[in-house]
Amino acid sequence: MSAAGTAEHVLTAADDEAVIGIGAPPDDVWALVSDITTMPRWSPETYRTEWVGGVSTAAVGARFRGWNRWGWVRWSTTCEVEVCDPGREFTFATRFGSRAGTRWSYRFEDDGAGGTTVTEARTQLHAPLHGRIAYATVLRGHNDTFAAAMAETLGRLKRAAEPPR
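Note that the coordinates shown come from a computational prediction; the quantities given were computed from them, not determined experimentally.

Engineer: What is the right way to read the overall build of the chain from this model?
Structural biologist: Helices and strands together make up the secondary structure of the chain, namely four helices and seven strands. The order of α-helices and β-strands along the chain, N terminus first, is β-α-α-β-β-β-β-β-β-α-α. Here the chain holds 165 residues, and the buried ones make up 44% of them. Intrachain contacts of the chain at a sequence separation of at least 6 include 52% that bridge at least 24 residues. When the accessible area of the chain is evaluated, it comes to approximately 8,600 Å², of which 54% is carbon and sulfur surface.

Engineer: Help me out: how do you make sense of the nonpolar core in this one?
Structural biologist: Side chains that are nonpolar tend, in soluble globular proteins, to be buried together. Of all hydrophobic cores here, the largest spans 28 residues; its most connected members are Ile22, Val29, Phe90, Phe92 and Phe108. Counting residues per element, this core draws most heavily on helix α4 (residues 146-161), which supplies five residues. What Phe92 contacts, discounting residues up to four positions off in sequence, is Met39, Phe64, Cys79, Glu80, Val81, Glu82, Thr102, Arg103, Trp104 and Tyr106.

Engineer: Please explain the confidence of the model for the chain as it appears in this structure.
Structural biologist: When pLDDT is low, close inspection of the predicted coordinates is not appropriate. Residues of the chain with pLDDT of at least 70 account for 79%, and the chain-wide mean is 85. By mean pLDDT, helix α3 (residues 129-136) is the weakest element of the chain at 56, and helix α1 (residues 26-34) is the strongest at 97. Every residue in residues 1-12 is under pLDDT 50, and counting partners more than four places away or in other chains gives 26 contacts.

Engineer: Would you mind showing me how to read the pattern of salt bridges here?
Structural biologist: Oppositely charged side chains can form a pair if their charged atoms are brought close together. Inspection of every chain in the model, using the stated rule, returns nine salt bridges. Notably, a salt bridge pairs Arg156 with Glu152, separated by 2.6 Å at the nearest N-O pair. Taken together, the residues Arg156 and Glu152, both in helix α4 and four residues apart, mark about one turn of the helix. Assessed through its relative accessible area of 25%, Arg156 is described here as partly exposed. For Glu152, a relative accessible area of 34% puts it in the partly exposed group. For the salt bridge of Glu162 with Lys158, the shortest nitrogen-to-oxygen distance reads 2.8 Å. Of the residues examined, Glu162 reaches a relative accessible area of 18% and is grouped as buried. Salt bridges linked by common partners bring Arg63, Glu80 and Arg95 together as one network.

Engineer: Would you mind going over the pairing of strand β6 (residues 99-110) with me for this structure?
Structural biologist: In regular strands, side chains alternate between the two faces of the sheet. Alignment of strand β5 (residues 89-96) against β6, held across seven bridges, turns out to be antiparallel. Pairing of Phe90 across the sheet is with Tyr106, part of β6. Linking two consecutive strands that pair antiparallel, namely β5 and β6, is a turn of two residues; a positive phi of about 65° is found at Gly97 within it. Two elements, β6 and strand β7 (residues 116-124), share nine bridges in a ladder whose sense is antiparallel. The residue bridging Asp110 from the neighbouring strand is Thr116, located in β7. Between β6 and β7, which pair antiparallel and follow one another directly, the connecting turn spans five residues, one of which, Gly112, has a positive phi of 80°.

Procedures and definitions
- Residues numbered from 1 in each chain as written.
- Predicted model: local features only at pLDDT ≥ 70, side-chain atom pairs only at ≥ 80, totals over all residues.
- Heavy atoms only, no water.
- Helix = DSSP H or I, 4+ residues; strand = E, 2+ residues; numbered from the N terminus.
- Buried < 20%, exposed > 50% of the residue type's maximum accessible area, 1.4 Å probe, protein only.
- Contact = heavy atoms within 4.5 Å.
- Areas by Shrake-Rupley, 256 points an atom, 1.4 Å probe, with all protein chains shown as cover.
- Core = buried A, V, L, I, M, F, W, Y, C linked by side-chain atoms within 4.5 Å.
- pLDDT = per-residue confidence, 0-100.
- Salt bridge = Lys/Arg side-chain N within 4 Å of Asp/Glu carboxyl O.
- Pairing = 2+ DSSP bridges.

Encoded structure:
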């Protein structure tokens, strides 16, 4: 297993993707995203996050718990960092036992003008039975909201990362 990823991490087509230009260096923007305790500042769905297992910073294999809401529905997931490459990529996946559920990836590219092009991607890898039932009932329509929520996440990140004018 390399420091940049896990053996399980493979490139697949994203189900949703959002891109934004941010007027701040890649390392600075990466630092904001990889500090998962700040994720509730960016995400309109995540309202709480915390590292688990005695870790306090991002590293491949580090786990954290995230609490989410969509409408009146609330749930939590355990996530594991798969790629932790400062200034370039931060990727984590929800975990269902030994299986990755949804992969969330943030890629950071220097735009050549002192800023960063950030790409956020969501890829559904596996849905356990209880997840499929939830999406067919109480979370019906949730998949249709990801693109807008991702754009909102990146917009919030941009406002936080860019220096005041």
